[in-house]
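Take a look at the letters that make up each chain.
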2 protein chains.
Amino acid sequence: MATKIFSPELISRFADIVGAANALTGTDDKAPYLREWRDRYTGKTPVVLRPQTTDEVSRILALAHDEGIGIVAQGGNTGLVGGQIPSPAGDQIVLSLTRMKKVRDVDAAGGTMIVEAGVTLAEAQHAAEGAGRLFPLSLASEGSATIGGVLATNAGGTAVLAYGNARNLALGLEAVLADGRVWNGLRRLKKDNTGYDLRDLLIGSEGTLGVITAASLKLFPIPAERETAIVALESPAAALKLFRIAEAEAGSALTAFELWAHQAQDFALRYMSNTRDAFADAHPWYVLIELSHGGRSSSALEQLLTIAHGQELIRDAALARSLGQAQDFWRLREAFSEAQKGAGGSIKHDISVPIARIPEFLSHAAEIVEQVAPGARPVPFGHFGDGNLHYNISQPEGGDKAQFLSLWETMSDAIFELVSELGGSISAEHGIGQMKREALRQHKSAIELDMMRAIKQALDPKGILNPGKVL
Amino acid sequence: MATKIFSPELISRFADIVGAANALTGTDDKAPYLREWRDRYTGKTPVVLRPQTTDEVSRILALAHDEGIGIVAQGGNTGLVGGQIPSPAGDQIVLSLTRMKKVRDVDAAGGTMIVEAGVTLAEAQHAAEGAGRLFPLSLASEGSATIGGVLATNAGGTAVLAYGNARNLALGLEAVLADGRVWNGLRRLKKDNTGYDLRDLLIGSEGTLGVITAASLKLFPIPAERETAIVALESPAAALKLFRIAEAEAGSALTAFELWAHQAQDFALRYMSNTRDAFADAHPWYVLIELSHGGRSSSALEQLLTIAHGQELIRDAALARSLGQAQDFWRLREAFSEAQKGAGGSIKHDISVPIARIPEFLSHAAEIVEQVAPGARPVPFGHFGDGNLHYNISQPEGGDKAQFLSLWETMSDAIFELVSELGGSISAEHGIGQMKREALRQHKSAIELDMMRAIKQALDPKGILNPGKVL
């Protein structure tokens, strides 16, 4: 797409659609929409548009399509790969969906609700709870992340093991296509085999195939009881054996199985207030296990830990004896990402491998880190039960931040090569955005990239939807 | 696509790829591939090709692409909407995948297996069982239906409530595209956010976007215990209340909730050997409930039935006291579709509506039947917990079969209109094929059909993949 010159007249035609108060053109007003929270991506834009209705989104896209203007849809701006940030050239318009905040309908009996794109994940959870139901998608940034954003990126989080990722929780979508037409696919059906799966095509396409404006979501019964424990372990191999026991004993009651290394916990305890150690002694690895039960009270978690103890898999275990203690456990788990800020610069990865290969991955990855950046500190943690690890690395203690960060590409190339060897994914839940666009070209087959390009061309022939992202 | 004239030379170029023994040209040899088992669709073809490898499929499609020949992929030929049957014009080649029978790999520890398209559903289940794992997809025709077929049609069945439909059970695909290129998407990952969801686009596309040659499938722990009961009920409204109790009490342990009317059971007991009534008396409606438990023994089913009994929801209940009795219950449930043959002609529907609207649907649908074909006998049964009913109708007792069947379009139009009013789907699990192509045009929005056409054009620009189906 040729770089567009924005005349004041064109800007005001866009502004007229949403009203002057919701067409931000001042530098300070625009700033929060132009910077990714980890400061890795900044962009420019002549105007940030903040529509409140699907009709406004439709008119914005129709105009952008006529004029050939790139549109970058943005939710809570919590994405980690720069997908929501416009190009630094200033030739794209930011479309912030955060004012589309209606909970259109909650059907508790039917187990569905329809919410608009700008509803935050926490707000969606509360709307479900208010109707006596569970919307299970949960992640650290849920106070800001929006439904539109988590669907556009197919977000994961801590409840994927039992309930699936964002894709699995959507029954239907409403989306505005590149030319401004509105697709009403807000179905509430568990089964519908009438044609191509457009819903799943748009989900995870990061705003490059359409702009999601609303979704019908699945609701679940609120578990009557949850059991939570942190278990201290010798190694990832012990975690794998424990996972097999948990799966076999708890079946579908197993709703979380999160792994972290001592280093992650150490940073959290050191740099984040409100976190506490579940144990008196330090241990090399930890797992948080959660079981959720429908009916009556259970001691399934204690029983499965007894089995694991009998097999000498466990160094120690702390069972939450109260809701407060369970919240402490989760608070610790959710602190890891932000805690790393206290330890200087960090290089981060969001990878997945087949679960059985996690121990192998962790051992080889540690060797790679030591080769590329001697003294750097791996901070692995993540969703073991999904095969998904955030393989983060903090700079060497007392070392130079900039110098460490200059190794990002070299480090990632080596980690991604290992991931590919193990049949894994270079982006398990964060998506491609700007960050992994080049890596995608290296790690996807030519034929798969061709299929993606053909679909992009079919649904967005002018290339106005989130240009420069994904493909 | 212009009608193609098949020269003997062209036929032999196709035949050379698979060898003469697997290129069927004789009328008797071809016959089983050209007729749908309910006799609603028959087609013609110059040759049925039976490749054994992905490479052979690739070469067949490359040649078909060069020559502009339509290719109709076929699995076990159990489809119910004519999707697997070529056109009567004889201008399309049938590509039978049933010789692609390799179980390439079973990774019990990793919970995945890779099987080829021609492996039957029953064979896939056995391969998983042999490794101590469960592949849960299950349907009446599982002895013939193939993995390629169930994925191409996103088949459902009796285990959808807990495990999802075919789409939810596939981690990755291998598929041959329209031009013969092979896409290797056989990933084994639970989470992978690297680009567009091509897997789910191909799944359910009924052979119109690519030919699935293999799949990596999810495996689950085999439940240690299953509890099964048939419950006799007054009405679908009572079934809905019972479903809510079962959901709340059993949570994710609820693995089946199947509803049927007395008429369905009556036909099964009358026309199918090996079926027996669970009760001494007749009841208007029945539900089969199954709970599956991971760990130790449970009496959750009895407990939830006690609750339902306390609310006077239940007329009677029979709990399976042995595996044999549970199998009896399921045998009865699976007999309904075939049993209808004994009762003369039948008009069949595979619809879904939001679960809460099932009672409303059943009551209005019965009125429609009586209006369109007085005396005809509704035989509703199906997957209540998924909102999916097979709303079948048998001809009036002693009436004229042909005359009744001549009402198919009128009947379906009226039923589909009701389904649309209730926010439902006109094809919940059987797909579109030939049968519902016209209905699809009436019930889908123009914009959704446009999106589908754009994608079809992008991935199969010459229109050689299953021409005349779906779109």
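Reading the values: the criteria
- Residues numbered from 1 in each chain as written.
- Chains lettered and ligands numbered in written order.
- Predicted model: local features only at pLDDT ≥ 70, side-chain atom pairs only at ≥ 80, totals over all residues.
- Heavy atoms only, no water.
- UniProt positions renumbered as here; feature names shortened; annotations may be inferred.
- Helix = DSSP H or I, 4+ residues; strand = E, 2+ residues; numbered from the N terminus.
- Buried < 20%, exposed > 50% of the residue type's maximum accessible area, 1.4 Å probe, protein only.
- Contact = heavy atoms within 4.5 Å.
- Least-squares fit on C-alpha atoms with pLDDT ≥ 70 in both.
- Pairing = 2+ DSSP bridges.
- Axes fitted to C-alpha atoms, helices over the stretch in contact; angles between N-to-C directions.
- Expected span 1.5 Å × (residues − 1).
- Domains from an automatic or database assignment.
- Buried area = accessible area lost by both parts, 1.4 Å probe.
- Salt bridge = Lys/Arg side-chain N within 4 Å of Asp/Glu carboxyl O.
- Polar contact = N/O pair within 3.5 Å; in protein donor to acceptor, adjacent residues only side chain to side chain.
- Nonpolar A, V, L, I, M, F, W, Y, C, P; charged D, E, K, R; others polar.
- Phe/Tyr/Trp six-rings, centres within 6.5 Å; stacked < 30°, edge-to-face > 60°.
- Lys NZ or Arg CZ within 6 Å of the ring centre and 35° of its normal.

Chain A is annotated in an unreviewed UniProt entry as FAD linked oxidase domain protein from Hyphomicrobium denitrificans. Looking at the Cofactor (unreviewed entry) heading of the UniProt record, one finds this comment for chain A: "FAD". In its Sequence similarities (unreviewed entry) section, UniProt records this for chain A: "Belongs to the FAD-binding oxidoreductase/transferase type 4 family."

Trainee: Can you break down the overall build of chain A residue by residue, with the values?
Mentor: Helix and strand content of chain A: 17 helices and 19 strands. Projecting the C-alpha coordinates of chain A onto the three principal axes gives extents of approximately 70 × 55 × 45 Å. For chain A, buried positions account for 61% of its 471 residues. Across chain A, every contact between residues at least 6 apart in sequence was considered, and the portion connecting residues at least 24 apart equals 74%.

Trainee: So what's going on with the relation of the copies chain B and chain A? Residues and values would help.
Mentor: Each copy superposes on the other: chain B lies on chain A with an RMSD of 0.0 Å after a rotation of 180° and an axial shift of 0.0 Å. What we have between these two chains is a two-fold relation. The share of interface residues of chain B whose copies in chain A are also at the interface is 100%, consistent with both copies meeting through the same surface.

Trainee: Pulling in residues and values, what's your account of the sheet that holds strand β9 (residues 182-185) of chain A?
Mentor: Residues and elements named next belong to chain A. Judged by pairing direction, the sheet is antiparallel, and its five strands sit side by side in the order β5-β6-β10-β8-β9 without closing on themselves. With one partner strand each, in any of the chains shown, β5 (103-107) and β9 form the two edges of the open sheet. Adjacent strand axes in the sheet meet at a mean angle of 15° when their direction is disregarded. Taken together, the five bridges between strand β6 (residues 112-116) and strand β10 (residues 211-218) define a ladder with antiparallel strand orientation. Across the sheet, Met 113 pairs through a bridge with Leu 217, a residue of β10.

Trainee: So what about helix α12 (residues 323-339) of chain A? Which residues, and what values?
Mentor: Residues and elements named next belong to chain A. The first and last C-alpha atoms of α12 sit 24 Å apart over 17 residues, in line with the 24 Å expected at 1.5 Å per residue. Within the span of α12, buried status applies to Ala 326, Asp 328, Phe 329, Trp 330, Leu 332, Arg 333, Ala 335, Phe 336 and Ala 339. For α12, the secondary structure elements touched by its buried residues are β12 (225-233), β13 (254-261), α10 (262-271), β14 (285-293), β15 (314-319) and β18 (377-383).

Trainee: If you had to explain the pairing of strand β19 (residues 388-394) of chain B to someone new, which residues and values would you point to?
Mentor: Residues and elements named next belong to chain B. Buried residues dominate β19, accounting for seven of its seven residues. Side chains Asn 388, His 390, Asn 392 and Ser 394 project from β19 onto one buried face, and the interleaved Leu 389, Tyr 391 and Ile 393 project onto a second face that is buried too. Bridging between strand β17 (residues 350-352) and β19 involves three bridges; their strand directions are antiparallel. Paired with Ser 352 across the two strands is Asn 388, which belongs to β19. With seven bridges joining them, strand β18 (residues 377-383) and β19 adopt antiparallel strand pairing. Its bridge partner lying in β19, Phe 381 is registered against His 390. Counting the residues in the hairpin turn of β18 and β19 gives four residues, including Gly 387, whose phi is positive at 75°.

Trainee: Tell me what's going on with the domain arrangement of chain A, and back it up with residues and numbers.
Mentor: The parts lose accessible area when they come together, and the size of an interface is often stated as this lost area. Residue and element names in this part refer to chain A. When its domains are assigned, chain A resolves into domain 1 (2-96), domain 2 (103-221), domain 3 (225-337) and domain 4 (344-430). Computed from C-alpha coordinates alone, the two centres of domain 2 and domain 4 are separated by 30 Å. Listed per partner, the contact involves eight residues of domain 2 and four residues of domain 4. When domain 2 packs against domain 4, close to 430 Å² is buried across both sides, 46% of that on carbon and sulfur atoms. For the domain 2 face of the interface with domain 4, the top three residues by lost area are Thr 153, Gly 157 and Leu 161, together amounting to 58%. Inspection of the domain 2/domain 4 interface yields zero salt bridges. If you look at where domain 2 meets domain 4, you find three residue pairs in polar contact (both at pLDDT 80 or more). Of the residues contributing to the side of domain 2 that touches domain 4, the split by class is three nonpolar, five polar and no charged.

Trainee: How would you explain the side chain of Thr 275 of chain A if you had to name every residue and give the values?
Mentor: All names here are of chain A. With respect to the helices and strands, Thr 275 occurs in the loop between α10 and β14. For Thr 275, a relative accessible area of 15% puts it in the buried group. Of the polar contacts made by the side chain of Thr 275, one reaches the backbone oxygen of Ala 268; its length is 3.0 Å. In this view, Thr 275 contacts Ala 268, Leu 269, Arg 331, Leu 332 and Ala 335; residues no more than four positions away in its chain are not counted.

Trainee: Account for the UniProt feature "domain: FAD-binding PCMH-type" (unreviewed entry) in chain A, naming residues and giving values.
Mentor: Mapped onto the present numbering, the UniProt feature "domain: FAD-binding PCMH-type" (unreviewed entry) falls at residues 41-222 of chain A. Taken end to end, residues 41-222 of chain A comprises 24% helix and 25% strand; its first and last C-alpha atoms sit 39 Å apart.

Trainee: Break down the interface of chain B and chain A for me, citing the residues and quoting the values.
Mentor: Taken together, the contacts link 76 residues of chain B with 76 residues of chain A. When chain B packs against chain A, close to 6300 Å² is buried across both sides, 56% of that on carbon and sulfur atoms. The largest share of the area that chain B buries against chain A comes from Lys 191, Asn 193 and Tyr 196 of chain B, three residues that together contribute 17% of it. The interface formed by chain B and chain A contains twelve salt bridges. Of the charged contacts in the structure, one is a salt bridge between Arg 133 of chain A and Glu 247 of chain B, with a shortest N-O distance of 3.5 Å. Viewed at the interface, chain A and chain B are joined by 36 residue pairs in polar contact (both at pLDDT 80 or more). Elements with a contribution of two residues or more to the side of chain B that touches chain A: α7 (166-169), β9 (182-185), α8 (198-202), α9 (236-250) and α18 (446-459) of chain B. Here the side of chain B that touches chain A takes ten residues from α18 of chain B, the largest share from any one element.

Trainee: Before we move on, can you summarise the side chain of Ser 412 of chain B with the specific residues and values?
Mentor: Residue and element names in this part refer to chain B. Tracing the sequence through the fold places Ser 412 in helix α16 (residues 408-421). Taking relative accessible area as the criterion, Ser 412 reaches 5% and is therefore assigned buried. Of note is the side chain of Ser 412, whose polar atom sits 2.9 Å from the side chain of His 349. Look past the residues within four positions of Ser 412 in its chain and what remains in contact with it is Ile 347 and His 349.

Trainee: Lay out the sheet that holds strand β3 (residues 70-74) of chain B with the relevant residues and their values.
Mentor: Residues and elements named next belong to chain B. In space, the four strands of this open sheet follow the order β1-β2-β4-β3, with mixed pairing throughout. The open sheet has two edge strands, β1 (23-24) and β3, and neither has a second partner. Sheet topology note: the strand β2 (residues 48-49)/strand β4 (residues 92-96) ladder contains two bridges and is parallel. The residue of β4 that forms the bridge with Leu 49 is Leu 95. Across the sheet, helix α3 (residues 54-67) touches β2, β3 and β4, and the angle it forms with β3 is around 155°.

Trainee: Pulling in residues and values, what's your account of the packing of aromatic side chains?
Mentor: Scanning all chains against the criterion turns up 20 aromatic pairs over all chains. The interplanar angle of 65° and the centroid separation of 6.0 Å between the aromatic rings of Phe 243 of chain A and Phe 384 of chain A together place this pair among those described as edge-to-face. With Phe 243 of chain A in helix α9 (residues 236-250) and Phe 384 of chain A in the loop between β18 and β19 (388-394), this pair connects stretches of sequence that are 141 residues apart. Side by side, Phe 243 of chain A and Phe 384 of chain A carry an identical accessibility label, which is buried. Here Phe 243 of chain B and Phe 257 of chain B contribute two aromatic rings whose centre-to-centre distance is 5.0 Å and whose plane-to-plane angle is 70°, an arrangement assigned as edge-to-face. Taken together, the residues Phe 243 of chain B in helix α9 and Phe 257 of chain B in strand β13 (residues 254-261) connect sequence positions 14 residues apart. Overall, the relative accessible area of 1% leaves Phe 243 of chain B in the buried class. Classification of Phe 257 of chain B by relative accessible area gives buried; the value is 1%. Over the aromatic face of Trp 408 of chain A sits the side chain of Arg 40 of chain A, whose NZ or CZ is 3.7 Å from the ring centroid.

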